[in-house]
Amino acid sequence: MSNIAIRVEHLSKKYRLGRRQSNSKYRTLSESLLKWASTPWRRLSSKDHRPPENIVWALKDVSFEVQHGEVLGIIGRNGAGKSTLLKILSRITEPTEGSVDLYGRVGSLLEVGTGFHPELTGRENIYLNGAILGMKRAEIERKFDEMVDFAEVERFIDTPVKHYSSGMYLRLAFAVAAHLEPDILLVDEILAVGDAQFQKKCLGKMGQVAQQGRTVLFVSHNMAAISSMCKTIIVLESGKLKLKGPTAQSIDDYQSTLNAPDDESNPPLQHGVAIFRGPTIASDHRVGTSIQSGDPFSACIDLIVGKEFVGYDLFCILMDSIGNIIVHAHTDNRNFHNTLAPGVLKVKVTFPPLWLKPGVYSLHFKLIGATLDGEKIRLLSDHIPLSIGGEAAGEALLGVLTPPIHWAINSADPGH
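Attention in this report is confined to the structure presented alongside it. (Residues numbered from 1 in each chain as written. Predicted model: local features only at pLDDT ≥ 70, side-chain atom pairs only at ≥ 80, totals over all residues. Heavy atoms only, no water.)

**Notes on the overall build of the chain**
Looking only at helices and strands, the chain has 9 helices and 19 strands in total. Across the 416 residues in the chain, those meeting the buried criterion constitute 42%. Pairs at least 24 residues apart make up 73% of the contacts formed inside the chain by residues separated by at least 6 positions. Element-wise, carbon and sulfur atoms account for 51% of the exposed surface of the chain, whose accessible area totals about 23500 Å². (Helix = DSSP H or I, 4+ residues; strand = E, 2+ residues; numbered from the N terminus. Buried < 20%, exposed > 50% of the residue type's maximum accessible area, 1.4 Å probe, protein only. Contact = heavy atoms within 4.5 Å. Areas by Shrake-Rupley, 256 points an atom, 1.4 Å probe, with all protein chains shown as cover.)

**A few points about the packing of helix H5 (residues 137-151) against helix H6 (residues 166-179)**
For the pair H5 and H6, the least separation of the axes is 8 Å and the interaxial angle reads 140 degrees. Read as a crossing pair, H5 and H6 show a hand that is right-handed. Mapping the contact onto sequence places Lys143, Glu146, Met147, Phe150 and Ala151 in H5 and Arg171, Leu172, Phe174, Ala175, Val176 and His179 in H6. Here the contact of H5 with H6 is built from residues that sort into 7 nonpolar, 1 polar and 3 charged. (Axes fitted to C-alpha atoms, helices over the stretch in contact; angles between N-to-C directions. Left-handed = near helix turned anticlockwise from the far one by under 90°. Nonpolar A, V, L, I, M, F, W, Y, C, P; charged D, E, K, R; others polar.)

**Digging into the side chain of Thr331**
You can see Thr331 is positioned in the loop between strand E15 (325-330) and strand E16 (343-351). The exposure class assigned to Thr331 is buried, which follows from its relative accessible area of 17%. At a separation of 2.5 Å, a polar atom in the side chain of Thr331 contacts the side chain of Asp313. (Polar contact = N/O pair within 3.5 Å; in protein donor to acceptor, adjacent residues only side chain to side chain.)

**Quick notes on H5**
An α-helix turns once per 3.6 residues; consequently, residues spaced three or four apart project the same way. The end-to-end C-alpha separation of H5 is 20 Å, in line with the 21 Å expected for 15 residues at 1.5 Å each. Roughly 40 degrees is the biggest bend found in H5, and it falls at Lys143. Among all positions in H5, only Ile140, Lys143, Phe144, Met147, Val148, Phe150 and Ala151 are buried. Remark: Glu152 follows H5 within two positions and exhibits a positive phi of approximately 60 degrees. (Expected span 1.5 Å × (residues − 1). Bend = angle between axes of the 7 residues up to and from the residue.)

**Some remarks on the side chain of Ser283**
On the secondary structure map, Ser283 appears in strand E10 (residues 274-283). Given the relative accessible area of 3%, Ser283 is considered buried. A distance of 3.2 Å separates the side chain of Ser283 from the backbone oxygen of Pro296, its partner in a polar contact. Ignoring anything within four residues of it in the chain, the contact list for Ser283 reads Ile291, Asp295, Pro296 and Phe297.

**Concerning the sheet that holds strand E8 (residues 232-237)**
Taken together, 6 strands build an open sheet; the order of strands is E5-E6-E7-E3-E8-E9 and the sheet is mixed. One side of each edge strand has no neighbouring strand; the edge strands of this open sheet are strand E5 (106-109) and strand E9 (240-246). For this sheet the average axis-to-axis angle between neighbouring strands, irrespective of direction, equals 15 degrees. Here 4 bridges tie E5 to strand E6 (residues 184-187), and the two strands are oriented parallel to one another. Bridge assignment links Val106 to a residue of E6, and that residue is Ile184. Relative to E5, H6 is tilted by about 165 degrees, and along the sheet it contacts E5 and E6. (Pairing = 2+ DSSP bridges.)

**Concerning the packing of aromatic side chains**
Applying the stated criterion across every chain yields a total of 5 aromatic pairs. Plain terms: the ring middles of Phe276 and Phe365 are 6.3 Å apart, the flat faces sit at 40 degrees to each other, and that makes the pair tilted. Of the two residues, Phe276 is situated in strand E10 and Phe365 in strand E17 (residues 359-371); the sequence distance between them amounts to 89 residues. The exposure class of Phe276 is buried, given its relative accessible area of 11%. (Phe/Tyr/Trp six-rings, centres within 6.5 Å; stacked < 30°, edge-to-face > 60°.)

**Digging into H6**
The terminal C-alpha atoms of H6, which comprises 14 residues, lie 20 Å apart, in line with the 20 Å expected from a rise of 1.5 Å per residue. A large share of H6 lies buried, amounting to 12 of its 14 residues. Just beyond H6, the residue with positive phi is Glu181, at close to 55 degrees.

**What to know about the environment of Gly389**
You can see Gly389 is positioned in strand E19 (residues 384-389). The spatial distance from the C-alpha of Gly389 to the C-alpha of Val360 is 8.7 Å, given a sequence separation of 29 residues. Contacts of Gly389, omitting those with residues within four sequence positions, involve Ile291, Gln292, Ser293 and Pro358.

Structure representation (structure tokens):
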């Protein structure tokens, strides 16, 4: 028996820009008059003057396989085709070319409340989603209390979900997708809208789903979270599959594309004002994204400024795999001039030994300031993954720090 859960072969999806996607055969009189009035006369007289169709390929010739029980990460820039791929796998969107074979029941969380009916209560939507997934009523009832407890919406379970906050909507949607025992779970970047505690619960639940032999596809821009979840990652670039490989290799390849501008001498500036470029981490004169717990290290980045700043503050933020902030350092302008002149600045932050617990972290820079002409700027760099290693303990370590604590155990018997 094959161990393949998902097989994607030569998958492509194209969209036509500037055209109304409508399957309606009927129009109102006002719609027909508006269409007639907005049609150029030359188009009515000759087909030769019709503009060419503006076609964009969201996906182009993508092929890969996923094994049962595998947790596969999907990364890429905005517009790379990640969400389109998950929508095709979820049967929400049809492919233009190619084929997808799914071996098992699919649960998906692509947008807040996808599949929920706003007029129905939380309870009714749970049963509705279960029925859509092909669950029997007895199966849904067996999992019902567990889902409500996970989502923490017991008080509002009989309230129409249109009155839920986005956080409540998300918690219930994820609880339904993860607890109704899908063979394949598809999760988009939607987890980013949840708070840190909820993200931690979701990541833990996805880990449990994978340990039970089910398959998870996880789309995220948080390199720390995706590193902690996935052993294999695929990188999408402009709708094409650029790489499928081990997590570290795939993230390094993706980060290298972010750090290399199209024109090194004249990189594109955000709003024509500033951009971060080329983040690196170094420890003991070695450049890389892996250090040992207790090692001092430095983080460097280029800040390219296009306009003069009359006030600014720089931040360096270190987070754990679920987004908890470990270090939040900033210049506070105590030892720096309060202005920034146009040009390329080398920013370097040196960390003392932090003795962090071994694991996956991420680091990024932030600039807040105002230009000479009064424009307020808030600029973030890409996340830099940071892997911290150390000796494995016999029991899982809690907390954040693992400093070298010295123990002294002496006998109370003075004869010893």
